[in-house]
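Architecture and fold: a report
Letter by letter, the chains look like this.
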Amino acid sequence: MQFFDAINVYFPLLASTTETADSSMVIGAVLLSLVVIYLSSKLGGELSNRVGLPPVLGELLGGVVVGISVLHLLVFPEGGTDSSNSLIMTFLQMTAGLTPEATPAVFEAQSEVISVLAELGVIILLFEIGLESNLKDLISVGAQAAIVAVVGVVVPFTAGTVGLMLLFGVAAVPAIFAGAALTATSIGITSKVLSELGKLTSKEGQIILGAAVMDDVLGIIVLAVVASLAKDGAVDVNNVIYLIISASGFLIGAVVLGNIFNKSFVAIADQLKTRGELVIPAFIFAFAMAYLASVIQLEAILGAFAAGLVLEETDKRKELQKQVIPIADILVPIFFVTVGAKTDLGVLNPAIPSNREGLIMAIFLIAVAIIGKVITGFSVFGQPQINRLAIGVGMIPRGEVGLVFAGVGAASGVLSKSLGAAIIMMVITTTFLAPPLLRFVFPESDNLVADQDKLILDGATGTPLIVEKPPSIVSTVNDANNREDSPDYEDKSSKT
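Here is a short report on the structure shown in this document. (Residues numbered from 1 in each chain as written. Predicted model: local features only at pLDDT ≥ 70, side-chain atom pairs only at ≥ 80, totals over all residues. Heavy atoms only, no water.)

1. Some words on a nonpolar patch on the surface
Residues V162, M165, L166 and L167 make up a contiguous nonpolar surface patch of about 410 Å² in total accessible area. Along the chain, the position of M165 falls in helix α8 (residues 142-168). A residue is classified by how much of its surface remains accessible, and M165, at 36% relative accessible area, is partly exposed. (Patch = residues over 30% accessible without salt bridge, like charges linked within 9 Å, V, L, I, M, F, W, Y side chains within 5 Å. Areas by Shrake-Rupley, 256 points an atom, 1.4 Å probe, with all protein chains shown as cover. Salt bridge = Lys/Arg side-chain N within 4 Å of Asp/Glu carboxyl O. Helix = DSSP H or I, 4+ residues; strand = E, 2+ residues; numbered from the N terminus. Buried < 20%, exposed > 50% of the residue type's maximum accessible area, 1.4 Å probe, protein only.)

2. Some points on the packing of aromatic side chains
Using the criterion set out here, one finds five aromatic pairs in the structure. With a centroid separation of 5.6 Å and an interplanar angle of 50°, the aromatic rings of F127 and F283 are classed as tilted. With a gap of 156 residues between them, F127 in helix α6 (residues 103-131) and F283 in helix α13 (residues 279-295) connect regions that are remote in the sequence. On the basis of relative accessibility, which here comes to 1%, the residue F127 falls in the buried class. Ring geometry for F177 against F405: centres 6.4 Å apart, planes inclined by 85°, an arrangement best described as edge-to-face. Within this pair, whereas F177 is found in helix α9 (residues 172-181), its partner F405 is found in helix α18 (residues 400-412), the two being separated by 228 residues in sequence. Using a relative accessible area of 0% as the deciding quantity, one classes F177 as buried. A residue is classified by how much of its surface remains accessible, and F405, at 0% relative accessible area, is buried. A network of ring pairs unites the aromatic residues F127, F283 and F287 as a single cluster. It is K342 that lies over the ring of F76; its NZ or CZ is 4.8 Å from the centre. (Phe/Tyr/Trp six-rings, centres within 6.5 Å; stacked < 30°, edge-to-face > 60°. Lys NZ or Arg CZ within 6 Å of the ring centre and 35° of its normal.)

3. Digging into the pattern of salt bridges
The final tally for this structure, using the stated rule, is four salt bridges. A salt bridge links K373 to D215, with the nearest nitrogen and oxygen atoms 2.7 Å apart. Of this pair, K373 sits in helix α16 (residues 356-374) while D215 sits in helix α11 (residues 203-232), and the two are 158 residues apart along the sequence. Accessibility classification places K373 together with D215 in one group, the buried group. One salt bridge connects R317 with E312, and the closest N-O pair in it is separated by 3.6 Å. Pair check on accessibility: R317 and E312 agree, each one buried.

4. Observations concerning α13
For the α-helix, the turn length of 3.6 residues means that residues three or four positions removed from each other point alike. End to end, α13 covers 24 Å across 17 residues, agreeing with the expected 24 Å (1.5 Å per residue, within 8%). Immediately beyond the C-terminal end of α13, within one or two residues, lies Q297, with a positive phi of roughly 70°. (Expected span 1.5 Å × (residues − 1).)

5. Overview of the nonpolar core
The biggest cluster of nonpolar side chains holds 122 residues, and the ones touching the most others in it are L126, F127, L164, F177, L320, L365 and V404. Per element, the largest residue contribution to this core is 14 residues, and it comes from α6. The contacts of L365, once residues within four sequence positions are left out, are L164, L182, L419, A422, I423 and M426. Residues L197, V374, I386 and A390 belong to the second largest nonpolar core, which totals 23 residues. (Core = buried A, V, L, I, M, F, W, Y, C linked by side-chain atoms within 4.5 Å. Contact = heavy atoms within 4.5 Å.)

In short, shape yes, function no, at least from these values alone.
Below, the structure written as structure tokens:
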């Protein structure tokens, strides 16, 4: 017990919520919550992977099942839920002697600890995404992909925001947040389907992949802006301009200064000989950048993403990625499951008259999400023979960044239950629809070469790792020659 008392002294978060709660009960509740989280994330991820969908989508759906929508194993006090709705609290009362009087305090503490772990998970997720985003690759994809990316951000964002405000009377800040959630594109699911169709290295495939990566970068900047607006609770034009400039300047400045910092980071890592000689300094840098971003009124995740972009340019990037993955495997699922657990899909039940507006909002967001991306294909110029419809359809699925929007919005309290659930439904629906639509828009005769491409994805995030092609074809997603298991592997700094 002295150990737990020490924790409360040094961590006010726990101290403030466990003053009337037995610390051992709080730890027990947190441990049971983690058991539920990891079981649901693994089962959901495995099932999702087996049907050809990103594992993160399975983790999200696993969270929905164990959360407030179905089993009530993992619930949170947001939205009026109390300890009586938590089966974990009931289990502790039955097995560990938790008294009904102490249950509310234990429930509050357990929920706060899991929420903090989820926030840490999303910071590490964005750090990992930054490590996988090669700025040189973004520049090399050309003007076509850049135009598609910008149109793919501006059109759905504008249509979603204005539509929610005019048609449903949603306030400006939550409408902007929901509109921003429409901007992201999942590179993982699109890459996999394009590989199966033999279209990964086609003109359409290259434009889709380049634009999808740019979409995520632009989406993270937009997220930093709208999340900061959510803190103020109102839209000020001057503040919006400041946030856009500061977010963009923060990323650009971090990358520019990173060229100087890279050599220092490698030199420091080479001098350290104890465990964690590489990953600990990397996380120190990532967390410091996250703190700096929050200090200038941006989101901490933008700082973590910028840190990943900086360290991606170092000679240690490849080894660092390998060391970050196990840590991300522990903390990132907590974020995705928590997002699902907090989503009450019951608010979209059409049988209840008061819920019908939320369901209509979900349908509206899904329509904007699809149409807003399909339009992007028709912004391609100077390519008379290109399949513009296929490019637009390839941009439809939302990915991890889309779920990050939903999670950050729910945590900030800016999204209502119905709007938050509508965003989750949009992410799920677009991800499910994309594979069959992609197969439909590509002519069947063009799919005969599908077995010539083989895409290998990261099992945790669905991120493309290798495109196995004949020697004359090189993928712009990632260079297969940089893989240690490739016959052409060279020991140099490049994308894995």
